[in-house]
Amino acid sequence: MAPLDVDRPYRLNSSVALRPESFGALAYSYDNRQLAFLKTPRLLEVLRALDGASSASAALSAAGVPAPDRSVYTAALQRLADTDVLEAVPGERWESGLTSMPASGGVSGAVARAGAGAAGDLGGGGDRDGNRPGRLTDRFKSGLAAPICLTWELTYACNLACIHCLSSSGRRDPDELTTAEAMSVVDAMAEMGIFYVNIGGGEPTVRPDFWSLLDHAVDRRVGVKFSTNGVRLDAAAARRLADTDYVDVQISLDGATAETNDAIRGTDAYAMARRAMDELAAADFGPFKISVVVTRHVVPELDALSELAAGYGAQLRLTRLRPSGRGAQTWPQLRLDQDQQRQVYRWLMAHPDVLTGDSFFHLSALGEPLPGLNLCGAGRVVCLIDPVGDVYACPFVLHERFRAGSVRDPGGFPSLWRGAPLFRELRAPGSAGACTSCGLYDACQGGCMAAKFFTGIALDGPDPECVLGHGEAALTAAAAAAIPSPGPGHSRRPVPVSIGRRP
């Protein structure tokens, strides 16, 4: 990376959005999908002072940075320049090419593993999904001004009936949000400074106004990351996506072979997903993502999935299987055993460019923490809006116990995020509960709330897949009558409980 020249003027990259937070600010780049954390309010003042300043040094002076602290703030600016949050202002004096600012090329493994940096570091890069906590984890537990990202299930309608579907999708709910209501939700996201929305379902592309909602979000500069099984992703759709800014596409695939994938997702689902990938590649969309739920049958195919993604120039994204929705029925047959959990941990450590979205933070108790926030972000940095507008703290717990309200309530989503009793409860300091005596609690934070809730384990109990084995004892102790029902769901037809093959 080129060294920062404090005598040169810099500016915020036009693709970067800033959002003030109590600790400083978040800066999100729509170009490389990387999130930077500004760890002091004064650094935010420096960035604001860059606008119109004759040099970076002048901006430091305008923001009132004391002389003894200049080196620390200059180092922070350097890191922000290295990750393309800042760019040098063009000018004849600096056009020799010796101080050009190279593009970062996306979230790299080196950045992902960089951690907090040296003491006094005030800003930095991103993790597997563009997040980088530094020493901010404790502040994140108390919640942010708005979600970093928001999961939004646009519809329960789906052409498939995946046996692990967390929302038991299939049939459209007649009470789902209207186009006008959905547009208003997008407007609220823009006003709150939500950087991007993860759109799913069901299958979001079967909703008739899908493209209108996507275009409206892009127009409001809310990035869109949507997951699809590929059913509507033909050549025309791929070309349209390739011509649209601020859009990421995730193709759902749960195996490197049709045999593995279709046992989970249904006949011909593998061929449909591959056709969609081919169309994206032909349209020169760029590095789309291949999203995989890790079941016990997927673990032996991780290398093959990585090779498949590399062949398309795509990114592989792995997600943990949760016992939610139809997954509550199939989780016992599909979940990883202890040996496989260790295998997945070692594989992730060896493949730092694979995205996870903090799905596997419970595995950090096995040794070096996986990159990411390594905590449950429910109601703190993430939440979910379902097709009818209900807001849940966790994308994997669509249950009344974790329903915060509805976007149709007075004040809409912003009011819920800022003041819903459920969110205040989740952001309050908690204890380690049954994990108090475990010396590894700080590493795994007690694991996944959804996994505990839908297996009948108390929320302050151990993760059912605790790598030390404490979860197995908790599962045995949990009475079947105490296990919450995932609800009737929206399944169109009966779904088999077993995949009927490998033991």
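Look up: the structure comes first, before these words.
Description of the structure in this document. Just so you know, these numbers come straight off a predicted model, no measurement behind them.

**A look at empty space enclosed by the protein**
This structure, assessed with the given rule, holds 7 cavities of 30 Å³ or more. Within this model, the second largest cavity holds a volume of roughly 100 Å³. Residue classes in the lining of the second largest cavity are distributed as 8 nonpolar, 4 polar and 1 charged.

**Overview of helix α1 (residues 41–50)**
Restricting attention to buried positions, one finds in α1 the residues Leu43, Leu44, Val46, Leu47, Ala49 and Leu50. Downstream of α1 by a residue or two, Gly52 has a phi angle that is positive, lying close to 90 degrees.

**A short note on the pattern of salt bridges**
Counted according to the given criterion, the structure contains 17 salt bridges. One salt bridge in this structure joins Arg320 and Asp463, with 2.6 Å as the shortest N-O distance. With Arg320 in strand β11 (residues 315–320) and Asp463 in the loop between α17 (449–453) and α18 (470–477), this residue pair connects regions lying 143 residues apart in the sequence. For the residue pair Arg320 and Asp463, the accessibility class agrees, reading buried in each case. In the salt-bridge network here, residues are joined through shared partners; they are Arg172, Glu176, Arg207 and Asp209.

**Brief notes about the packing of aromatic side chains**
Tallying each qualifying case throughout the model produces 13 aromatic pairs. Taking 5.9 Å as the distance between ring centres and 40 degrees as the angle between the ring planes, the aromatic pair formed by Phe23 and Phe140 counts as tilted. Remark: Phe140 occurs in helix α5 (residues 137–141) and Phe23 occurs in the loop between β2 (16–21) and β3 (24–29); sequence separation between them is 117 residues. Considering the side-chain rings of Phe453 and Phe454, the 5.1 Å spacing of their centres and the 75 degrees angle between planes classify their relative orientation as edge-to-face. Classification of Phe453 by relative accessible area gives buried; the value is 11%. The class for Phe454 is buried, based on a relative accessible area of 6%. Through a chain of ring-to-ring contacts, three or more aromatic side chains come together here, namely Tyr28, Tyr30, Phe195, Tyr196 and Tyr246. Between Lys225 and the ring centre of Tyr196, over which it is positioned, the NZ or CZ distance is 3.9 Å.

What counts, and at which threshold
- Residues numbered from 1 in each chain as written.
- Predicted model: local features only at pLDDT ≥ 70, side-chain atom pairs only at ≥ 80, totals over all residues.
- Heavy atoms only, no water.
- 1 Å grid on protein atoms, 1.4 Å probe; cavity = no way out; pocket = protein on both sides within 12 Å on 5 of 7 lines; lining within 4 Å.
- Points joined across faces, edges and corners; volume = space filled by probe spheres on them.
- Nonpolar A, V, L, I, M, F, W, Y, C, P; charged D, E, K, R; others polar.
- Buried < 20%, exposed > 50% of the residue type's maximum accessible area, 1.4 Å probe, protein only.
- Helix = DSSP H or I, 4+ residues; strand = E, 2+ residues; numbered from the N terminus.
- Salt bridge = Lys/Arg side-chain N within 4 Å of Asp/Glu carboxyl O.
- Phe/Tyr/Trp six-rings, centres within 6.5 Å; stacked < 30°, edge-to-face > 60°.
- Lys NZ or Arg CZ within 6 Å of the ring centre and 35° of its normal.

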